[in-house]
Amino acid sequence: MRMKKEDIMGEYKNFEKQRIVKQLFFSGLFILVLVGGWFFPLLGFFIPLCMVLGVSIAFFQGRKWCDWYCPRGSFWDYMIKPLSPHKAIPAFFKNMFVRLSILAFLMGLMAWQIISRWPDPYKIGKFFAMMLTITTAAGIVLALIYHQRLWCYVCPIGTLSNLAGKDKKPLKIKSHLCVECKQCFKVCPMQIKAYSYKKDESVIDVKDGDCLKCESCVYACPRKALYF
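The structure presented is a predicted model; accordingly, all values stated were derived computationally and were not measured.

K.L.:
A description of the pairing of strand β2 (residues 203–206) should follow, citing residues and the corresponding values.
P.N.:
Side chains Ile 204 and Val 206 project from β2 onto a buried face, and the interleaved Val 203 and Asp 205 project onto a face without burial. Bridge count for strand β1 (residues 171–174) against β2 is 4 bridges, and the pairing is antiparallel. Note that in β2 the partner of Lys 172 across the bridge is Asp 205.

Right, dumping it as structure tokens:
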């Protein structure tokens, strides 16, 4: 079914407005934790809570958490996206060996700091607040150079969610409808090329573990070739 271009754009804009409202709320929550954690260290425990929630959801819905549920993910899209040049994310940051190395380093650092500060919850919380600040600063720098969602490729929660939910709730593409207009790629926050999965079969699963299940591509597709 082919819809008029203005109808597609109207539907996509309505979808984006709803998503932006959600991201606005969670961006505010993120800033509250980011700043407040330095004054109220127990807020730092929001980080391990997000880790547990993100990975738990991944076992059933893939990286759905990293869409707008993740406060920092919402912060990237709502606050930082307007400042980003939106360049292509380098393959280096998508490499699983690089991502696992960063994951191992940060997890090792976290374990060491928790042990060294045990059992004082305030000192542990302060570490979490400090780690959140440093990684966010790194993510902002990368966003200003490349793309606002680059950090999501090397984020420990994102990498674990990729591994836990790669085949869960895959995006599907109706090959016979796809005309490779690349509109899906243009709106994808993770720069996934869904159109490249097009094959002779009628319906193909786009099994990319970094898909955020955000549905932006679904609403933007002029041919309605994509769905979950």
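K.L.:
Tell me what's going on with the state of the cysteines, and back it up with residues and numbers.
P.N.:
Per the stated rule, a full pass over the model turns up 0 disulfides. There is no disulfide at Cys 66, and the cysteine sulfur nearest it, in Cys 70, is 5.8 Å away. A residue is classified by how much of its surface remains accessible, and Cys 66, at 5% relative accessible area, is buried. Among the cysteines around Cys 214, which has no disulfide bond, Cys 188 carries the closest sulfur, lying 6.2 Å off.

K.L.:
Mind laying out the side chain of Gln 148, listing which residues take part and the relevant values?
P.N.:
Within the fold, Gln 148 resides in the loop between α6 (121–145) and α7 (151–154). Leaving out residues up to four positions away in the same chain, Gln 148 has contacts with Trp 76, Asp 77, Ile 80, Lys 81, Ser 84, His 86 and Ala 143.

K.L.:
Give me the sheet that holds β1: which residues, what numbers.
P.N.:
Sheets are built from strands paired through backbone hydrogen bonds, the pairs being either parallel or antiparallel. On the basis of which strands lie adjacent, the open sheet formed by 3 strands has the order β2-β1-β3 and antiparallel pairing. Unpaired on one side and paired on the other, β2 and β3 (226–227) mark the two borders of the sheet.

K.L.:
Mind laying out the packing of aromatic side chains, listing which residues take part and the relevant values?
P.N.:
Applying the stated criterion across every chain yields a total of 10 aromatic pairs. Ring geometry for Trp 68 and Tyr 69: centres 4.4 Å apart, planes at 70 degrees, overall edge-to-face. For Trp 68, a relative accessible area of 17% corresponds to the buried category. Of the aromatic side chains, those joined through ring pairs into one cluster are Phe 25, Phe 26, Trp 68 and Tyr 69. Above the ring of Phe 228, the side-chain terminus of Lys 169 is found at 5.8 Å from the ring centroid. Above the plane of the ring of Phe 185 lies Lys 193, whose end atom (NZ or CZ) is 5.9 Å from the centre.

K.L.:
Quick rundown of the nonpolar core? Include the residues and the values.
P.N.:
Grouped together as the largest cluster of nonpolar side chains are 35 residues, with contacts concentrated most on Phe 128 and Met 190. Of all the secondary structure elements, the ones that give two or more residues to this core are α1 (5–36), α2 (46–61), α3 (71–80), α6 and α7. Among the elements that take part in this core, α6 stands out by supplying 7 residues, more than any other. In contact with Met 190, other than residues within four places in its own chain, are Arg 63, Arg 149, Cys 152, Tyr 153, Asp 210 and Leu 212. The next biggest cluster of nonpolar side chains, apart from the first, holds 18 residues, and it includes Ile 204, Val 206, Val 218 and Ala 225.

K.L.:
Would you mind going over empty space enclosed by the protein in detail, with residue names and values included?
P.N.:
Where empty space is left becomes clear once a probe the size of a water molecule has been rolled over the atoms. Under the counting rule described, the total for this entry stands at 3 cavities of 30 Å³ or more. In this structure, the largest cavity occupies an estimated 380 Å³ of space. Listed by contribution, the elements that provide at least two residues to the lining of the largest cavity are α1, α2, α3, α5 (96–117), α6, α7 and α8 (156–165). Among the residues forming the lining of the largest cavity, the class breakdown is 20 nonpolar, 3 polar and 3 charged. Its volume calculated, the second largest cavity comes out at about 130 Å³. Looking at the second largest cavity, it is lined by 16 residues, and the ones nearest its centre are Leu 171, Cys 188, Ile 192, Cys 211 and Cys 217.

Definitions and cut-offs
Residues numbered from 1 in each chain as written. Predicted model: local features only at pLDDT ≥ 70, side-chain atom pairs only at ≥ 80, totals over all residues. Heavy atoms only, no water. Buried < 20%, exposed > 50% of the residue type's maximum accessible area, 1.4 Å probe, protein only. Helix = DSSP H or I, 4+ residues; strand = E, 2+ residues; numbered from the N terminus. Pairing = 2+ DSSP bridges. Disulfide = S-S within 2.5 Å. Contact = heavy atoms within 4.5 Å. Phe/Tyr/Trp six-rings, centres within 6.5 Å; stacked < 30°, edge-to-face > 60°. Lys NZ or Arg CZ within 6 Å of the ring centre and 35° of its normal. Core = buried A, V, L, I, M, F, W, Y, C linked by side-chain atoms within 4.5 Å. 1 Å grid on protein atoms, 1.4 Å probe; cavity = no way out; pocket = protein on both sides within 12 Å on 5 of 7 lines; lining within 4 Å. Points joined across faces, edges and corners; volume = space filled by probe spheres on them. Nonpolar A, V, L, I, M, F, W, Y, C, P; charged D, E, K, R; others polar.

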